[in-house]
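So you can see what is in the structure, the chains are spelled out below.
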Amino acid sequence: MTMTITQLQHYELARRRLSDANLAFMEMVMHPTNPMTREDLTKLIKLRPDHYRRFAGWLDVLPSRSN
């Protein structure tokens, strides 16, 4: 017996994954002792563009490692 899930359940799963990813990103940005830098995000976007490209707008906001 296979269990199928409804469109609403698919939506909720996708929404939750996106929310979890956003929270993880914000934790990296706001880390008290090792916050994310522009260089860190640039490397992540190059490494996994499908996951991190949506955060590219933060490149203008994040501090540079040299600051």
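Residues numbered from 1 in each chain as written. Predicted model: local features only at pLDDT ≥ 70, side-chain atom pairs only at ≥ 80, totals over all residues. Heavy atoms only, no water.

Core analysis: the largest hydrophobic core is formed by 8 residues, namely Phe 25, Val 29, Met 36, Leu 41, Ile 45, Tyr 52, Phe 55 and Leu 62. Those elements giving two or more residues to this core turn out to be α1 (7–29) and α2 (38–47). Excluding residues within four positions of it along the chain, Val 29 makes contact with Pro 35, Met 36, Trp 58 and Leu 62. (Core = buried A, V, L, I, M, F, W, Y, C linked by side-chain atoms within 4.5 Å. Buried < 20%, exposed > 50% of the residue type's maximum accessible area, 1.4 Å probe, protein only. Helix = DSSP H or I, 4+ residues; strand = E, 2+ residues; numbered from the N terminus. Contact = heavy atoms within 4.5 Å.)

So, on to a nonpolar patch on the surface. Residues Met 3, Ile 5 and Leu 13 make up a contiguous nonpolar surface patch of about 310 Å² in total accessible area. Among the structural elements, Ile 5 can be located in the segment before α1. (Patch = residues over 30% accessible without salt bridge, like charges linked within 9 Å, V, L, I, M, F, W, Y side chains within 5 Å. Areas by Shrake-Rupley, 256 points an atom, 1.4 Å probe, with all protein chains shown as cover. Salt bridge = Lys/Arg side-chain N within 4 Å of Asp/Glu carboxyl O.)

In short, geometric facts, not functional conclusions.
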